[in-house]
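Examination of the molecular architecture
Below, each chain spelled out in residue letters.
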Amino acid sequence: MIVPTVVDVAVGLVLDGDRILVSQRKKEAHLGLKWEFPGGKPEAGETHEQALVREFREEVNLDVQVHSLFHECSFEYPERHVRLRFFLCRCRQPEQVRALEVLAVRWVPLHSLPALDFPAANGPVIEKLMDAHMAGF
Ligand SMILES: Nc1nc2c([nH]c(=O)n2[C@H]2C[C@H](O)[C@@H](COP(=O)(O)OP(=O)(O)OP(=O)(O)O)O2)c(=O)[nH]1
Ligand SMILES: [Mg+2]
């Protein structure tokens, strides 16, 4: 029997007032050109929180503080099965952001998320974020 591997991913939801940080995946990456929340796969021995701190520095030049787990989901793309854990994060210097390992990075108002082209797995977390935002978090 072939047991498909699940790719474990830590994803950061960094809020700054009414804005949230989004980045665009490089053209050649899996789900290339889609918008996403920065993050990636934990390395051996790393917790999800440690992986997020590292990924934010590497991908978008930002120092973040990881707060709490907001949402978890699994999704089967034709090419791979992912398990995504989304953490609420904060940062002290939002102006530090630079697109390092991503095509573009932007602070966008939360209400504009549904207009961006995100991967299919992100639908439920975006809906939950909008609801939480309306309710004042
Ligand atoms: N970071 C991130 N990945 C997402 C989101 N939604 C979603 O389906 N994914 C998928 C795309 C990828 O298959 C996987 C994340 O892997 P990745 O390619 O970003 O991993 P990584 O940063 O460690 O990159 P690499 O070292 O393998 O190049 O999760 C999201 O909002 N953020
Ligand atoms: Mg990544």
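This one's a predicted model, so the numbers in the text were calculated from it and none came from an experiment. (Residues numbered from 1 in each chain as written. Chains lettered and ligands numbered in written order. Predicted model: local features only at pLDDT ≥ 70, side-chain atom pairs only at ≥ 80, totals over all residues. Heavy atoms only, no water.)

1. Quick notes on the coordination of the magnesium ion (ligand 2)
Around the magnesium ion (ligand 2), the protein supplies Gly39 (O) and Glu59 (OE) as donor atoms, at distances of 2.2 to 2.3 Å. In this pair, glycine 39 is assigned in strand 4 (residues 39-40) and glutamate 59 in helix 1 (residues 48-60), connecting sequence segments 20 residues apart. (Donors = N, O, S within 2.8 Å, 3.2 Å for Na, K, Ca; no water. Helix = DSSP H or I, 4+ residues; strand = E, 2+ residues; numbered from the N terminus.)

2. A look at the site of ligand 1
Around ligand 1 sit 20 residues, and of these His30, Phe37, Lys41, Tyr77 and Arg80 come closest. A distance of 2.6 Å separates an oxygen atom of ligand 1 from a polar side-chain atom of histidine 30. Here an oxygen atom of ligand 1 sits 2.5 Å away from a polar atom, N or O, in the side chain of lysine 41. Contributing elements (two or more residues each) for the shell around ligand 1: strand 1 (6-16), strand 4, helix 1 and strand 6 (81-91). (Near = heavy atom within 4 Å. Polar contact = N/O pair within 3.5 Å; in protein donor to acceptor, adjacent residues only side chain to side chain.)

3. With respect to the nonpolar core
Ranked by size, the top nonpolar core spans 25 residues in total, and within it Leu13, Ile20, Phe37, Leu84, Phe86, Leu113 and Leu129 carry the most contacts. At the level of secondary structure, the elements contributing two or more residues to this core comprise strand 1, strand 2 (19-24), strand 5 (64-76), strand 6 and helix 2 (123-134). Looking at this core, the element that brings in the most residues is strand 1, giving five residues. Setting aside chain neighbours within four positions, we find leucine 113 in contact with Ile20, Val22, Phe37, Val108, Phe118, Ile126 and Leu129. Within the second largest apolar cluster, 15 residues are counted, among which are Phe56, Val60, Phe87 and Cys89. (Core = buried A, V, L, I, M, F, W, Y, C linked by side-chain atoms within 4.5 Å. Buried < 20%, exposed > 50% of the residue type's maximum accessible area, 1.4 Å probe, protein only. Contact = heavy atoms within 4.5 Å.)

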